[in-house]
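# Geometric and topological summary
These are the residues of each chain, in order.
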Amino acid sequence: MNQYLRLISIAGVLGVTALTPVSAHATSTEITPPVAEKRAHSYTHHGITIQDPYDWLYDKSYPVIDDEDVLDYVIAENDYFQAHMAGRAPLTESLFNEMRARIQEDDSTVPQRNGDYVYWSEFEKGDQYRKHWRKPASGGEAELLLDENVLAEGLEYFRLGATTISQNGRYLAYSIDDTGSERYTARIKDLKTGQLLPDALENLRGNLVWVANDTALVYGPATEEWRTLEAKLHVLGTPNSEDVTLYQEHDQSFSVGTSLSAQDDWLLIVTGDYETTEVWIVPAADPTAEPILVKARQKGVEYRVDIRDSELFILTNDTHVNFRLARTTLDKPNTWQTVIVGSNEFYLTDFQLFEDFFVTEGRLNGLDQIQLRNYDAPGKASAIEFPEASYTAGLSNNPEYAVTKLRLSYQSMVTPRTVFDYHIANNTLEQLKQQEIPSGYDRDQYVTERLMIEARDGTKVPVSIVMRKDRTEILQRAAIDGPGPLHLYAYGAYGYATPPYFSTTRLSLVDRGFAYAIAHIRGGDDLGRSWYLQGKLFERTNTFNDFVDVGRGLINQGYTAEGRITASGGSAGGTLMGAVINQDPTQYGAIVAHVPFVDVLSTMLNEKLPLTPSEWPEWGNPITDKAAFAYILSYSPYDQIVARAYPPMLVTAGLNDPRVTYWEPAKWVAKLREFKTDDNLLLLKTNMGAGHGGQSGRWNSLKETAEEYAFILWQMGMVDQNAPR
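Residues numbered from 1 in each chain as written. Predicted model: local features only at pLDDT ≥ 70, side-chain atom pairs only at ≥ 80, totals over all residues. Heavy atoms only, no water.

## A short note on the overall build of the chain
Helix and strand counts for the chain stand at 13 helices and 37 strands. Relative to its length of 725 residues, the chain is compact, with a C-alpha radius of gyration of 26 Å against a globular reference of 27 Å. Out of the 725 residues in the chain, the part that is buried amounts to 58%. Sequence-distant contacts, at least 24 apart, represent 57% of the contacts inside the chain between residues at least 6 apart. When the accessible surface of the chain is totalled, it reaches about 28,500 Å², and 48% of it is carbon and sulfur. A gap of 4 Å separates the mean positions of the 65 positive and 98 negative side-chain charges of the chain. (Helix = DSSP H or I, 4+ residues; strand = E, 2+ residues; numbered from the N terminus. Rg over C-alpha atoms; globule rule 2.2 N^0.38 Å. Buried < 20%, exposed > 50% of the residue type's maximum accessible area, 1.4 Å probe, protein only. Contact = heavy atoms within 4.5 Å. Areas by Shrake-Rupley, 256 points an atom, 1.4 Å probe, with all protein chains shown as cover. Lys, Arg positive; Asp, Glu negative; His and termini not counted. Charge placed at Lys NZ, Arg CZ, Asp CG, Glu CD.)

## Section: empty space enclosed by the protein
Under the defined criterion, the tally for this structure stands at 3 cavities of 30 Å³ or more. Its volume calculated, the largest cavity comes out at about 50 Å³. Around the largest cavity, the lining residues are Met413, Tyr441, Tyr446, Val466, Phe502, Ser503, Arg506, Leu507 and Val510. Partitioned by chemical class, the residues of the lining of the largest cavity number 7 nonpolar, 1 polar and 1 charged. (1 Å grid on protein atoms, 1.4 Å probe; cavity = no way out; pocket = protein on both sides within 12 Å on 5 of 7 lines; lining within 4 Å. Points joined across faces, edges and corners; volume = space filled by probe spheres on them. Nonpolar A, V, L, I, M, F, W, Y, C, P; charged D, E, K, R; others polar.)

## Let's talk about unusual backbone geometry
For the bond from Tyr62 to Pro63, the omega torsion is 20°, close enough to zero to count as cis. On the secondary structure map, Pro63 appears in the loop between strand 2 (48–51) and helix 1 (68–86). Residue Asp309 is not a glycine yet carries a positive backbone phi of 55°. Here Asp309 lies in the loop between strand 18 (303–308) and strand 19 (311–316).

## Details of the nonpolar core
Formed by 82 residues in total, the largest nonpolar core has its most connected members in Ile465, Leu488, Phe547, Leu554, Tyr588 and Trp668. For Ile465, the residues in contact, after removing those within four places along its chain, are Met413, Val447, Thr448, Glu449, Leu451, Ala515, Tyr516, Ala517, Leu554 and Tyr559. Core analysis: the second largest hydrophobic core is formed by 32 residues, Ile518, Leu683, Trp714 and Met716 among them. (Core = buried A, V, L, I, M, F, W, Y, C linked by side-chain atoms within 4.5 Å.)

## Thoughts on the packing of helix 7 (residues 541–556) against helix 8 (residues 572–583)
The geometry of helix 7 relative to helix 8 is characterised by a closest axis approach of 9 Å and an angle of 65° between their N-to-C directions. Seen from above, helix 7 lies across helix 8 with right-handed handedness. Of the residues in helix 8, those touching helix 7 at Thr543, Phe544, Asn545, Phe547 and Val548 are Thr575, Leu576, Met577, Ala579, Val580 and Gln583. Looking at the contact of helix 7 with helix 8 residue by residue, the classes come out as 7 nonpolar, 4 polar and no charged. (Axes fitted to C-alpha atoms, helices over the stretch in contact; angles between N-to-C directions. Left-handed = near helix turned anticlockwise from the far one by under 90°.)

## A word on the pattern of salt bridges
Pairs may arise between side chains of opposite charge once their charged atoms sit close together. Per the counting criterion, the structure on display carries 41 salt bridges. One salt bridge connects Asp678 with Lys676, and the closest N-O pair in it is separated by 2.8 Å. We note that Asp678, like Lys676, is buried. By sharing partners, the salt bridges in this structure join Glu37, Arg39 and Asp69 into a single network. (Salt bridge = Lys/Arg side-chain N within 4 Å of Asp/Glu carboxyl O.)

## Observations regarding the packing of helix 2 (residues 89–101) against helix 13 (residues 698–715)
Relative orientation of the contacting elements helix 2 and helix 13 amounts to 125°, with a least axis distance of 8 Å. Comparing the axis directions of helix 2 and helix 13 gives the class oblique. Considering only the axes of helix 2 and helix 13, their crossing is right-handed. Within the contact between the two elements, helix 2 uses Leu91, Thr92, Glu93, Leu95, Phe96, Met99 and Arg100 and helix 13 uses Trp699, Leu702, Lys703, Thr705, Ala706, Glu707, Tyr709, Ala710 and Leu713. Classifying every residue of the contact of helix 2 with helix 13 by side-chain character gives 10 nonpolar, 2 polar and 4 charged. (Parallel < 35°, antiparallel > 145°, perpendicular 65-115°, else oblique.)

## Some points on the sheet that holds strand 13 (residues 244–248)
Within the open sheet, the 7 strands sit side by side as 7-8-9-10-11-12-13. Their pairing is antiparallel. On the outer flanks of this sheet lie strand 7 (159–165) and strand 13, each paired with one strand and no other. Between one strand axis and the next, the sheet turns through 30° on average, direction left out of account. (Pairing = 2+ DSSP bridges.)

## Some points on the sheet that holds strand 23 (residues 358–364)
Judged by pairing direction, the sheet is antiparallel, and its 4 strands sit side by side in the order 22-23-24-25 without closing on themselves. The sheet is open, and its two edges are formed by strand 22 (346–353) and strand 25 (381–383), each paired on a single side. Pairwise comparison of adjacent strand axes, ignoring direction, gives a mean angle of 30° for this sheet. Note that strand 22 and strand 23 share 7 bridges and pair antiparallel. Across the sheet, residue Phe346 finds its bridge partner in strand 23, namely Leu364.

## Some remarks on the environment of Asp525
Among the structural elements, Asp525 can be located in the loop between strand 33 (515–519) and helix 6 (529–533). A polar side-chain atom of Asp525 sits 3.5 Å from the main-chain amide nitrogen of Ala497. (Polar contact = N/O pair within 3.5 Å; in protein donor to acceptor, adjacent residues only side chain to side chain.)

## Some details on the environment of Arg183
Among the structural elements, Arg183 can be located in the loop between strand 8 (171–177) and strand 9 (184–190). Spatially, the C-alpha atom of Arg183 lies 7.9 Å from that of Glu202, the residues being 19 residues apart in sequence. Looking at Arg183, its side chain comes within polar contact range of the main-chain oxygen of Thr223, at 3.2 Å.

## Let's talk about helix 11 (residues 626–635)
Every buried residue of helix 11 is accounted for by Ala628, Phe629, Tyr631, Ile632, Leu633 and Tyr635. Packed against the buried residues of helix 11 are strand 1 (42–45), strand 2, helix 7, helix 8, helix 9 (600–605) and helix 10 (612–619). Of the residues that open helix 11, the one with a side-chain oxygen 2.9 Å from the backbone nitrogen of Ala627 is Asp625.

## Considerations on the confidence of the model for the chain
Per-residue confidence for the chain averages 92 on the pLDDT scale, and 94% of its residues sit at or above 70. Under a pLDDT of 50 for its full length, residues 1–29 has, in the predicted model, 104 contacts with residues more than four places off or in other chains. In this model, residues 720–725 is a region of pLDDT below 50 whose contacts with residues beyond four sequence positions or in other chains number 11 contacts. (pLDDT = per-residue confidence, 0-100.)

## Considering the pairing of strand 15 (residues 266–272)
Among the 7 residues that make up strand 15, 6 are buried, leaving the element largely enclosed by the rest of the structure. Judged from the 6 bridges that link them, strand 14 (residues 255–260) and strand 15 form a sheet pairing that is antiparallel. Among the inter-strand pairings, Val256 is bridged to a residue of strand 15, identified as Thr271. Two successive antiparallel strands, strand 14 and strand 15, enclose a turn made up of 5 residues, where Asp264 displays a positive phi of approximately 60°. Bridging between strand 15 and strand 16 (residues 277–283) involves 7 bridges; their strand directions are antiparallel. The residue bridging Thr271 from the neighbouring strand is Glu278, located in strand 16.

Now the structure itself:
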């Protein structure tokens with residue numbers, strides 16, 4: 001299913017070095033907020049004219065950004081950010097150190113067998129990136145497959161993308177992104193010789209799939225507009241010019257991906273958007289054979305396919321919004337017979353096939369379920385039981401087809417990330433590893449709750465909360481009278497659920513007296529597919545209303561007070577941040593908006609941007625639909641800024657971000673500076689050498705989280721009271 005973070009705008013590849021820091025002697029009083037020039041610009045659709053004087057911040061040569069005025073403004077905002085945060089450097093460093101102390105620096109994953117080898121990855125103490133290892137399952141010396149630290153040497157940004165071992169165990173194919181633009185380069189390592197093959201695949205997105213008896217790779221190249229419209233075949237040792245197109249998509253709103261079936265004998269070619277899917281299959285041993293269409297695309301029908309022997313299993317929403325599981329045979333791929341019926345109570349989210357049984361995953365009342373089922377009696381499920389009333393759990397790394405145990409992942413808001421093996425024969429859970437917290441963690445010091453708060457239309461919205469049991473005493477020691485601060489987080493888009501997960505960084509707020517709440521608002525699929533549908537297209541504003549009403553409900557129930565809520569969200573969650581401060585700004589004491597998608601109307605009108613066509617099923621098409629234009633305009637955060645007081649805000653961006661382009665947060669901040677009537681702090685930080693996910697490397701990323709928390713604590717008056725605001 002399409003449970004991914006927001007995909008919007010095009011990829012940028014730009015070699016811009018990091019900004020030179022402001023002098024250590026500069027203070028926040030020696031620099032004034034940047035003021036972006038207003039340049040006349042307007043556009044008209046459906047008889048409505050929109051004035052957009054900050055449109056010039058969108059460098060029209062993007063993905064090349066060479067407009068000096070644009071760069072000067074972004075750099076000026078970074079200077080302003082650095083000047084203000086310089087006074088918070090000790091707090092940021094202190095937060096970073098305590099966050100780092102909670103991380104097991106020399107950590108490793110639990111080894112897992114796949115074929116003749118056991119595989120794992122590990123961090124060594126001090127390293128930013130992982131090393132990847134294997135050793136023979138029969139015993140022998142460990143073999144270093146890949147050292148990300150070596151690959152990242154000299155790079156401002158590094159991200160490892162797809163990794164896949166050939167079935168014979170000899171070759172490792174992997175891809176890397178060294179700009180944050182999410183355009184990957186793939187290389188192939190001969191594990192027998194330790195050398196790289198001369199083959200190199202440039203400008204990729206998505207998986208790398210071994211086929212044709214390990215003699216070829218299937219990959220997805222990105223177009224100039226950062227769209228994946230092909231599945232291509234590269235035969236090892238041949239020029240890229242001879243690569244064969246296995247599938248070509250002609251609908252610019254669709255995206256193509258590939259994978260192998262459960263027994264690795266079929267190549268699955270999947271194309272679709274956020275509401276429609278089409279799947280083709282072809283023998284993995286003969287990938288250039290005539291592909292078989294499972295079922296032609298039908299608007300609004302999603303389906304996922306896997307194959308066991310000569311049977312196809314299909315997860316689909318064709319007859320029920322919460323999906324059913326069907327099966328058919330290879331000779332009749334589009335004639336589906338129901339195996340598990342759709343249910344109003346149980347949301348069927350996924351399945352995985354094994355030799356002797358299969359597993360279904362889903363959610364019941366918003367809580368994760370893992371169920372084992374027999375092929376002969378698929379309607380009967382054996383659910384795995386977990387020890388807590390609120391948690392998140394799922395299948396983890398299970399690469400083999402014939403298994404007697406399942407690898408599972410588990411956590412809750414008070415239980416650190418845990419790896420289990422579930423032994424099928426005796427229905428028992430074996431704990432293999434739980435996340436270690438070197439500086440210490442006592443779960444008995446914390447309490448987690450799950451509330452249902454009524455939104456304005458009567459809908460009950462789930463909220464997960466964690467706080468210290470001695471929160472009252474902590475607040476008293478901090479001389480905080482009345483209800484304490486509360487941090488509220490949500491995402492609310494694309495059917496992406498936000499589970500009640502564990503976080504060590506979150507403890508830096510909770511241990512200072514914050515309550516931390518996750519609002520499971522509509523737009524995600526936390527309570528089923530209908531929960532998602534109630535927060536998209538012409539019901540998008542339910543998402544924003546839910547968040548505001550959850551905050552109000554938490555205030556009314558005494559968890560916090562007016563102006564004592566801090567909130568954060570990123571990407572489409574940044575849309576949420578922009579919308580809620582327009583709707584109810586007095587509720588919030590501080591807002592952090594990461595790479596926020598806030599210029600919704602302008603972006604949805606620009607079909608030249610790479611992912612805009614694929615976003616229309618989620619947000620609406622304002623080009624052709626006057627009602628969609630009016631509805632998006634009614635909530636688009638950038639367009640709804642008015643003269644009023646706004647809370648203190650920290651906004652982030654990535655110059656190379658291909659999902660939310662840098663100019664959206666830049667334009668938003670520029671317009672906020674023009675209209676806001678308060679003197680609250682508004683900061684914009686743009687990562688000049690990174691993309692959507694911020695800086696790479698575990699310590700660099702952690703430093704940015706420390707920066708965010710320092711801003712929140714500062715603005716909530718929980719540090720130096722005399723610090724300039």
